[in-house]
Structures are given as C-alpha cells and as structure tokens.
Amino acid sequence: MAANNTPEEHFEGADFDEDADDEQMVSTNAGRKRLFSKELRCMMFGFGDDKNPYTETVDLLEDLVIEYIAETTHRAMEIGRTGRVQVEDIIFLVRKDQRKYARVKDLLTMNEELKKARKAFDEIKYVGTEGKLK
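Cut-offs and rules
- Residues numbered from 1 in each chain as written.
- Predicted model: local features only at pLDDT ≥ 70, side-chain atom pairs only at ≥ 80, totals over all residues.
- Heavy atoms only, no water.
- Helix = DSSP H or I, 4+ residues; strand = E, 2+ residues; numbered from the N terminus.
- Buried < 20%, exposed > 50% of the residue type's maximum accessible area, 1.4 Å probe, protein only.
- Lys, Arg positive; Asp, Glu negative; His and termini not counted.
- Salt bridge = Lys/Arg side-chain N within 4 Å of Asp/Glu carboxyl O.
- Contact = heavy atoms within 4.5 Å.
- Axes fitted to C-alpha atoms, helices over the stretch in contact; angles between N-to-C directions.
- Parallel < 35°, antiparallel > 145°, perpendicular 65-115°, else oblique.
- Left-handed = near helix turned anticlockwise from the far one by under 90°.
- Nonpolar A, V, L, I, M, F, W, Y, C, P; charged D, E, K, R; others polar.

### With respect to the side chain of aspartate 89
Then comes step 1: Looking at where aspartate 89 falls in the secondary structure, it is placed in helix α4 (residues 87-94).
Then comes step 2: Of the side chains with opposite charge, arginine 84 comes closest to the buried, unpaired aspartate 89, at an N-O distance of 8.0 Å.
Then comes step 3: Excluding residues within four positions of it along the chain, aspartate 89 makes contact with Ala76, Ile79, Gly80 and Arg84.

See the structure below:
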C-alpha cells in the first residue's frame, strides 16, 4: 500500500494542512479589535503614504507592531523580576540599539518633566483656591 502513494497525494495533504492554518489565523485576527489603526494611518501619512492608506496595509502594520510589543514584553518579563515589566528591563533590552535607546531616554525625560509641570501647576492651583476660601 505504501508503494501506491504518489508524491502528488502527499503534497495535496500538505496543502490542506496549510489552508487550515491560514483559515485559523484569519479568524483569530478578524475577531480582534484594531487598537492602533488611527495612529498608524497618521504615521503612514506623515512618512509619505497616501492620506487614506489601504486597510490591509494598516492591518498588516498593526499586526507587526503588536507582535513586536508582545515579544518585547515577554522578553522584559524574563529579564528582571519574573512576571513583572519595569522600565529598567525595557532599557536593558534596547541598550544596544542606539536609536531606540535614545528615544526611550527622551520619552522618559519628557515624562519626568511633564510630571513636574503637573505638580507645579496643581500646587499653584491649590494655593490659588486656598487664598480665595479665606
């Protein structure tokens, strides 16, 4: 019986398995809510794409972004305290990529400046309302 199996029969079975995998991937991606499509469309336009890029292109780019975020998060969870992601873990992961490292440092610095500005604004607002109450 094994001699009766032709290579074509073997390939047909392999094609069937690939089709099943593709259908499963499409169904899982189709049911997922798109989180970054608006932002990605704006970024694509800013980098020279059409004002209304193809939905398929945005969806593909979003899948890549989410995959990168998930991969980076999983790697960060393995580095420091297991099961927790801390800023230092992300910095450790991007330390060898100069552009990513510089961007992370810029964002962290800006975040600290915004915190200080909000705190100063809240203190001024609090002092101003306290004077009016008396």
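This is not the end of the story, as more comes after the structure.
### Observations regarding the packing of helix α3 (residues 55-79) against α4
Then comes step 1: Where α3 meets α4, the axes come as close as 9 Å, and the angle between the chain directions of the two elements is 110°. Taken together, the axes of α3 and α4 are roughly perpendicular relative to one another. Classified by chirality, the crossing of α4 by α3 is right-handed. Only Asp89, Ile90, Phe92 and Leu93 of α4 make contact with α3, whose side of the interface consists of Thr72, Arg75, Ala76 and Ile79.
Then comes step 2: Of the residues contributing to the contact of α3 with α4, the split by class is five nonpolar, one polar and two charged.

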